[in-house]
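Notes for the structure review
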Amino acid sequence: MPLAIGDKIREVEGVNAVAAVQTLINSQGGGLEIIYGIEPDRFKAVSGDFIWHDGGLFSNSNDVVVDDLYAKARHVRVGDMVDLLNQKFKVSGIVEHGKGARIFMSLKAAADLTGSANRASLFFVKLNDPDKVNAVIEHMGQVFPGYAARPLREYASLMMSTSMPALDAFIQTVVFIAVCIGVLVIFLSMYTTITERTREIGILRALGASKPFIIGLIFQEAGIVCLVGILLGIGA
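Let us look at the structure shown here.

Parameters and conventions
Residues numbered from 1 in each chain as written. Predicted model: local features only at pLDDT ≥ 70, side-chain atom pairs only at ≥ 80, totals over all residues. Heavy atoms only, no water. Helix = DSSP H or I, 4+ residues; strand = E, 2+ residues; numbered from the N terminus. Rg over C-alpha atoms; globule rule 2.2 N^0.38 Å. Buried < 20%, exposed > 50% of the residue type's maximum accessible area, 1.4 Å probe, protein only. Contact = heavy atoms within 4.5 Å. Areas by Shrake-Rupley, 256 points an atom, 1.4 Å probe, with all protein chains shown as cover. Patch = residues over 30% accessible without salt bridge, like charges linked within 9 Å, V, L, I, M, F, W, Y side chains within 5 Å. Salt bridge = Lys/Arg side-chain N within 4 Å of Asp/Glu carboxyl O. Polar contact = N/O pair within 3.5 Å; in protein donor to acceptor, adjacent residues only side chain to side chain. Core = buried A, V, L, I, M, F, W, Y, C linked by side-chain atoms within 4.5 Å. Phe/Tyr/Trp six-rings, centres within 6.5 Å; stacked < 30°, edge-to-face > 60°. Lys NZ or Arg CZ within 6 Å of the ring centre and 35° of its normal.

With respect to the overall build of the protein
Looking only at helices and strands, the protein has 9 helices and 8 strands in total. Here the protein has a C-alpha radius of gyration of 28 Å; the compact-globule value for 236 residues is 18 Å, and the former is much larger. The buried share of the protein, reckoned over its 236 residues, is 26%. When contacts within the protein are restricted to residue pairs at least 6 apart in sequence, those whose partners lie at least 24 apart make up 70%. Put simply, the protein shows about 15500 Å² of open surface, and 61% of that area lies on carbon and sulfur atoms.

Take a look at the structure:
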């Protein structure tokens, strides 16, 4: 959406503040993180000031602010370099989570990355009277017929995994494949163990050991190996 729409939204009766946001998705590092490109003063006017844990706001296009959950998960501190969208950025500050994204950068930096200058992915709007949100949304639908306006609560619910049935199916498929691979690996390990011990099994049979006894020994060994693996996995 053109940034100029933000100026028109400010003219709507009942609107207190408007903040343009460029949204990006970072998939580097084995996860998905939402990145907001923002204009700090206008974003603060809509959502309130950041609660700072360390550092401060970005001062140039190579700086980013991360929330405390991202910093803890990635083990980063102020001054560290992070890889985002195939580029390196310097962490200028760490803030409390709960602002809609894990990472924040300037709107200009986000526009440079996406190649969409003077445009925004969405606008956050703060009203003078929150009780009139439905009336203002209805009015905005008439003023801006080509765009959708939603309450923040509804927007947040759309971002939940429960609103993405395809994601649940994907996770279930991945889990099923992982279980199948695990079963095959265990079967191959046990088969290899038995074939390598043919001589020992023959000796036990010659000494009078029954088939159930030998099978019991094999299952006992497998159980001990599984138990040790579970304990090591939980400890890791």
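Thoughts on a nonpolar patch on the surface
On the surface, a cluster of nonpolar side chains totalling about 540 Å² of accessible area is made up of Phe170, Ile171, Val174, Val175, Val179 and Val183. The residue Val183 is located in helix α7 (residues 165-196) in this model.

Examining the side chain of Ser116
Mapped onto the elements of the fold, Ser116 is located in the loop between α4 (107-114) and β8 (122-127). Judged by relative accessible area, Ser116 falls into the buried class, the value being 18%. In terms of polar contacts, Ser116 uses its side chain to reach the side chain of Thr114, at 2.6 Å. Residue contacts for Ser116: discarding those within four places in its chain leaves Gln22 and Ala111.

Details of the nonpolar core
Formed by 16 residues in total, the largest nonpolar core has its most connected members in Val64, Val66, Tyr70, Val82, Leu84, Ile103 and Met105. Where this core is concerned, the elements lending two or more residues are β4 (63-67), α3 (68-74), β5 (81-84), β6 (87-95), β7 (103-106) and α4. Ranked by residue count, the leading element in this core is β6, at 3 residues. Among residues more than four places away in sequence, those in contact with Val64 are Phe58, Val82, Leu84, Phe89, Lys90, Val91, Ser92, Gly93, Ile103, Phe104 and Met105. Residues Tyr36, Phe50, Ala101 and Phe104 belong to the second largest nonpolar core, which totals 15 residues.

What to know about the packing of aromatic side chains
Following the criterion strictly, the structure yields 8 aromatic pairs and no others. Ring centres of Phe43 and Phe50 lie 6.0 Å apart, and the angle between their planes is 25°; this geometry places the pair in the stacked category. What makes Phe43 buried here is its relative accessible area of 2%. Looking at Phe50, the relative accessible area reads 10%, which means it is buried. Directly above the aromatic system of Phe50 lies the positively charged group of Lys99, at a separation of 5.8 Å from the ring centroid.

Observations regarding the pattern of salt bridges
Taken as a whole, this structure holds 7 salt bridges when the rule is applied. The residue Asp7 makes a salt bridge to Arg10 at a minimum N-O spacing of 2.8 Å. Residue Asp7 and its partner Arg10 are located together in helix α1 (residues 4-10), separated by 3 residues, close to a single helical turn. The exposure class assigned to Arg10 is partly exposed, which follows from its relative accessible area of 29%. Arg42 serves as the salt-bridge partner of Glu39, at 3.8 Å between the closest nitrogen and oxygen. Its relative accessible area of 37% is what places Arg42 among the partly exposed residues.

Some details on unusual backbone geometry
Positive phi, close to 55°, is recorded for Leu85, a residue that is not glycine. Within the fold, Leu85 resides in the loop between β5 and β6.

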